[in-house]
Amino acid sequence: MKTSDYLKAGWLAFALVLAFVIGWELYWRSQGFELSYNDDESLWAFTRKRIYNTTPARPVIIGSSRVKFDIDQTQWEQQTGQTPVQLALVGTSPRPVLTDLANDPDFKGTLLVGVVEGLFFSGDGSPMEIEAKKRIDVYPKWSLSQQASFYLNQHLESNLLFLDEERFSLNSLLKRLPIESRAGVFVFPNFPIRMGYTKPNRQTIFSKAFVADTAVQHGVQYVWSYLGMLSNKKGVGGDTLSGIIQSVKVNVDKIRARGGNVLFLKMPVSDPALAAEQVSFPRKEYWDRLLSETGSQGIHFADYPELSKYVCPDWSHLAPADTKPFTADLIRIIEEKTHWTLQKSPTSNHPKQ
Amino acid sequence: MVFNSYTFVLFFVLLLVLHNLPFSWKTKKINLLLASYLFYALWNPPFILLLWLSTVVDYLMARKIAESEDKLRRKLWLAISLILNLGMLSYFKYGGFLLENFTAMLNGMGIAYQAAKPDIVLPVGISFYTFVTLSYTIDVYRRKFAPEPSFLNFALFVTYFPHLVAGPIVRPEDLIPQFKTPRKATSEQMVWGLFLLTLGLFLKVVIADGWMSEPANFIFGLPFPVNPLDAWSAVLAFSAQIFCDFGGYSTCAIGVSLCLGFTLPENFRYPYAAIGFSDFWRRWHITLSTWLRDYLYIPLGGNKSGSFRTYVNLMITMLLGGLWHGASWNFVIWGGLHGIFLCVERLFRGWKKKSKPMVAEEIIIQATLIPVRNKNLGNFLLALLTFLLVNITWVFFRAPDFSQAMKMLLCMFGVISQGPKMLSTPDMLKIALVTIGLLGFHWSMRDKSVKGLFMRLPWWFSGTAWAMMLILIILTQKSTSSFIYFQF
């Protein structure tokens, strides 16, 4: 090969890649997808850095997907003038994050803890804990180089739809191929590709396609059924449950001892998932016991008509149109229950429905 | 900073621009040195002090060694360099391990002792740059060459970012002469360097991180035994992952360096086509194996002090080579297994040499044996056997502890056969595809080079293959994950 051929090969590669990137981006745009940000270790670590100087109006939120979907951060900001710090992790137990914050001597703020019993009361070493711990482990090692890459990546992700690892990466697309797996192997099911998207503030939102298309909603419901959301199997009990609650109490006490606040939240859930939850995790044995033994306050959606009037389209999370009024009512109820000051001017700012 | 990150792309583009501006050669070298410090500091800035300390002390000690004619003094200056470098390495890398074993030993003797857990962070690349600087002072001590008069050249030799954190482990004669005269990549070097960078990133991002890490991490992380097929699949996945991760890094390093006009030594030569373990170590992490040969095996006596001593020297070299990879008994076992395989191979070769028939007998045997033994097939089967044994050693390399490694081996060989099936069919297919592809490619390229292949193919074919790799990198979207060898 001559030198000129080296250059020709290089220019051809460049031209083909450029054509592919433009075509790939245009293709996904033409399919009507919303721009989504990768909710990865870096975005979590970036958000984790903001936990200091939090106040009741600017709380840290930990939990699972329900607080991530249901608390509308734009609405929160509109009413309080402050943006909450969203640290909830989809499909995980918030207890490792609670431990992490309790062990951080500089965290003295307000913490809202979303409780999904099946995840929250999972035993030590469960996959729900391991997944959460992965993020926590990355945070102290988040190097300057990774931080710089994160900022560059954010700019690219703001402009390029296809840079969404969860939906459009090679592995994600390969996982969606209709290949039967070996009998007896548990394969994590795929959520519909049009289910939702994530904003840079880590808020997750159902897509327009999800809201409009019941087939997509059924696709999500199928995943929940497959993962056992409708199971009536009794949750952990005995010493395991006592140990979990005790560990939560220890962490809550640490935060309170530094002047911080902790409030537990039980977000809306609809039948048939609600019915299954009530059998598996009876309120008295789990939620009520958690609050009494940790000496904490909590807001259970079922106690408030304003919070329990919604129907979750996938049984587990609120529709985008409902998250704003839900958040507005939640802020008011938190104020009434805790006497914390959250709103800039109370009673105002309730969104029009 | 890792090669598979946006930060590196920006850093590299800026550096290429700077390196091609009409500055003096000295200014360009200062730019390269500062860029290398930045490259390193973006992990953990305080550790740059260790790098400076090592650089300054070795520069001074080498000069003193060269200036002195007194044997004792020369030994003293060398000892200072060795104590500093090996002391830092021992403290940061083996401090916790030594304390843990000391505590276990006392407890084993019935002395109740509980040491506070040391909170030591391992500086990235310390094992690599320690070996780089050690080779310099030892070679000056041996009067192999005179010490480098220019501190800038020496500092750049130690710190030059492409090799700094994960090799190739360069020797002074590889790099220092290249800093003496102005260098700039030719357009051919630039294109070839970029191609190598793409190839390295393809191996790392697509194969190692995108396809192989998930099944390997999943199975090796399970607290219970698995089905034999799943256990084998996980080991094969790791086998591909470790090659693509480390081979990918070396390929990136060589490519990046070439774009700046400097050549780095080859570090991998299709290791999974190795016929036997001595061949494997001529193909796997070549710069480490040659370093261990020149600075450990030969000084121990090599193969010049009798047969028994040769085996002892081989075992010592491989056990220490294993320990170099990490402070854990599993790495020692890994090195020990390689040492045993090397000894067995040496014994076998010695026995074969002795029992070799006389020339006339050989001709008679060849004439009467129909068909004549197919040497190529035989070699291929030997390469497969080597690959199989290498995979067994990888179990100790990857498993978090000894019990997990033994559990995996028991599953692999069917002693525990009732474990559940865990890997999905697409994962198994990916592992099978990558393993067959890797073995096939290594075997077919055994005595060839990628550059030779690139040059033989028509430019449009090479360009299209290059574009395919780039597209797969972009599609995989797995950026900024660290390279496995950084932890060593």
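Residues numbered from 1 in each chain as written. Chains lettered and ligands numbered in written order. Predicted model: local features only at pLDDT ≥ 70, side-chain atom pairs only at ≥ 80, totals over all residues.

Asks: Is there a simple way to explain the overall build of chain B in this structure?
Replies: Looking only at helices and strands, one finds 20 helices and zero strands in chain B. Taken against the 2.2 N^0.38 rule, which gives 23 Å for 488 residues, the C-alpha radius of gyration of chain B at 24 Å falls within 12% of a compact globule. Counting only C-alpha atoms, chain B reaches 70 × 65 × 60 Å along its principal axes. Here chain B holds 488 residues, and 44% of them are scored as buried. For chain B, restricting intrachain contacts to residue pairs at least 6 apart in sequence, the fraction spanning at least 24 positions comes to 75%. (Helix = DSSP H or I, 4+ residues; strand = E, 2+ residues; numbered from the N terminus. Rg over C-alpha atoms; globule rule 2.2 N^0.38 Å. Buried ≥ 20, exposed ≤ 12 C-beta atoms within 10 Å, placed from the backbone. Contact = placed C-beta atoms within 7 Å.)

Asks: Looking at this structure, how should I read the packing of helix α3 (residues 48-67) of chain B against helix α4 (residues 71-108) of chain B?
Replies: Describing two packed helices takes the angle between their axes plus the distance from one axis to the other. All names here are of chain B. Packing of α3 against α4 brings their axes to within 9 Å, and their N-to-C directions diverge by 165 degrees. Judged by the angle between their axes, α3 and α4 are roughly antiparallel. Relative to α4, the crossing made by α3 is left-handed. On α4, the residues touching Leu50, Ser54, Val57, Asp58, Met61, Lys64 and Ile65 of α3 are Arg74, Trp77, Leu78, Ile80, Ser81, Leu84, Asn85 and Met88. Residue classes in the contact of α3 with α4 are distributed as nine nonpolar, three polar and three charged. (Axes fitted to C-alpha atoms, helices over the stretch in contact; angles between N-to-C directions. Parallel < 35°, antiparallel > 145°, perpendicular 65-115°, else oblique. Left-handed = near helix turned anticlockwise from the far one by under 90°. Nonpolar A, V, L, I, M, F, W, Y, C, P; charged D, E, K, R; others polar.)

Asks: Help me understand the sheet that holds strand β3 (residues 110-114) of chain A, please; the structure alone is not making it clear to me.
Replies: Adjacent strands of a sheet form backbone hydrogen bonds with each other and so pair up, either parallel or antiparallel. Residues and elements named next belong to chain A. Pairing is parallel across the open sheet formed by five strands, whose spatial order is β2-β1-β3-β6-β7. Strands at the two margins of the open sheet, each flanked by one partner only, are β2 (85-86) and β7 (297-300). Sheet topology note: the strand β1 (residues 60-62)/β3 ladder contains three bridges and is parallel. Each residue of the ladder has a partner; that of isoleucine 62, found in β3, is valine 113. The sheet contacts of helix α17 (residues 320-338) involve β6 (261-266) and β7, and relative to β7 the element is tilted by about 145 degrees. (Pairing = 2+ DSSP bridges.)

Asks: Would you mind going over the interface of chain B and chain A with me for this structure?
Replies: The figure often quoted for interface size is the accessible area lost as the parts come together. Across the boundary between the two partners, chain B contributes 38 residues, which contact 37 residues of chain A. Class assignment of the residues belonging to the side of chain B that touches chain A gives a composition of 22 nonpolar, 14 polar and two charged.

Asks: I would appreciate a short explanation of unusual backbone geometry in the present structure.
Replies: Most peptide bonds take the trans form, and the phi angle of most residues other than glycine is negative. Of note, the amide linkage connecting Asp271(A) to Pro272(A) takes the cis form, showing an omega dihedral of 5 degrees. Take Pro272(A): it is sitting in the loop between β6 and α14 (273-280). One non-glycine residue, Arg143(B), lies in the positive phi region at around 60 degrees. For Tyr270(B), which is not a glycine, the phi torsion comes out positive at approximately 50 degrees. Locating Tyr270(B) in the fold gives a position in the loop between α10 (228-259) and α11 (277-281).

Asks: When you look at the pairing of β6(A) in this model, what are you seeing that I'm missing?
Replies: Regular strands have side chains that alternate between both faces of the sheet. Residues and elements named next belong to chain A. Within β6, five of the six residues are buried, which leaves the element mostly enclosed by the surrounding structure. Here five bridges tie β3 to β6, and the two strands are oriented parallel to one another. The residue bridging valine 113 from the neighbouring strand is phenylalanine 264, located in β6. Here β6 pairs with β7 via four bridges, running parallel. The residue of β7 that forms the bridge with leucine 265 is isoleucine 299.

Asks: Even after reading the chapter, I still don't get the environment of Asp139(B), so can you show me in this structure?
Replies: Residue and element names in this part refer to chain B. Secondary-structure assignment places aspartate 139 in helix α5 (residues 126-141). Separated by 156 residues in the primary sequence, aspartate 139 and tyrosine 295 place their C-alpha atoms 9.4 Å from one another. With residues up to four places along the chain from it excluded, the contact list for aspartate 139 reads Lys144, Phe145 and Pro172.

Asks: Looking at this structure, I do not really get the packing of helix α14 (residues 329-354) of chain B against helix α16 (residues 375-398) of chain B. What am I missing?
Replies: Residue and element names in this part refer to chain B. Following both chains from N to C, one finds α14 and α16 inclined at 160 degrees, their axes separated by 7 Å at the closest point. When the interaxial angle is binned, α14 and α16 end up roughly antiparallel. As for how α14 packs across α16, the hand of that crossing is right-handed. Residues Asn330, Phe331, Ile333, Trp334, Leu337, His338 and Phe341 of α14 lie in contact with α16, whose contacting residues are Leu389, Thr393, Phe396 and Phe397. Split by residue class, the contact of α14 with α16 holds eight nonpolar, three polar and no charged.

Asks: Could you clarify how one ought to interpret helix α13 (residues 238-257) of chain A in this entry?
Replies: The α-helix advances 3.6 residues per turn, and as a result positions three or four apart in sequence lie on the same side. Residues and elements named next belong to chain A. Counted at 1.5 Å a residue, the expected span for α13 with its 20 residues is 28 Å, and the 28 Å between its end C-alpha atoms agrees. Along α13, the positions that sit buried rather than exposed are Ile244, Val248, Asn251, Val252 and Ile255. An end-on view of α13 places all buried positions within 100 degrees of arc, on one side of the element. The outward face of α13, more than 90 degrees from its buried face, is lined by the exposed residues Gly238, Asp239 and Ala257. Looking at the buried side of α13, the elements it contacts are α5 (95-102), β3, β6 and α15 (284-294). Immediately beyond the C-terminal end of α13, within one or two residues, lies glycine 259, with a positive phi of roughly 95 degrees. (Expected span 1.5 Å × (residues − 1). Arc of directions from axis to C-beta.)

Asks: Just to check I follow, could you spell out the nonpolar core for this structure?
Replies: In a soluble, globular protein the nonpolar side chains are often hidden away together inside. Core analysis: the largest hydrophobic core is formed by 137 residues, its most contacted members being Ile207(B), Met212(B) and Ala240(B). Of all the elements, helix α9 (residues 187-220) of chain B adds the most residues to this core, at 19 residues. Apart from the residues within four sequence positions on either side, Ala240(B) is in contact with Ile207(B), Met212(B), Val434(B), Thr435(B) and Leu438(B). Ranked by size, the runner-up nonpolar core spans 57 residues in total, among them Val67(A), Val248(A), Met267(A) and Leu307(A). (Core = buried A, V, L, I, M, F, W, Y, C linked by C-beta atoms within 7 Å.)

These figures come from the coordinates and say nothing about function on their own.
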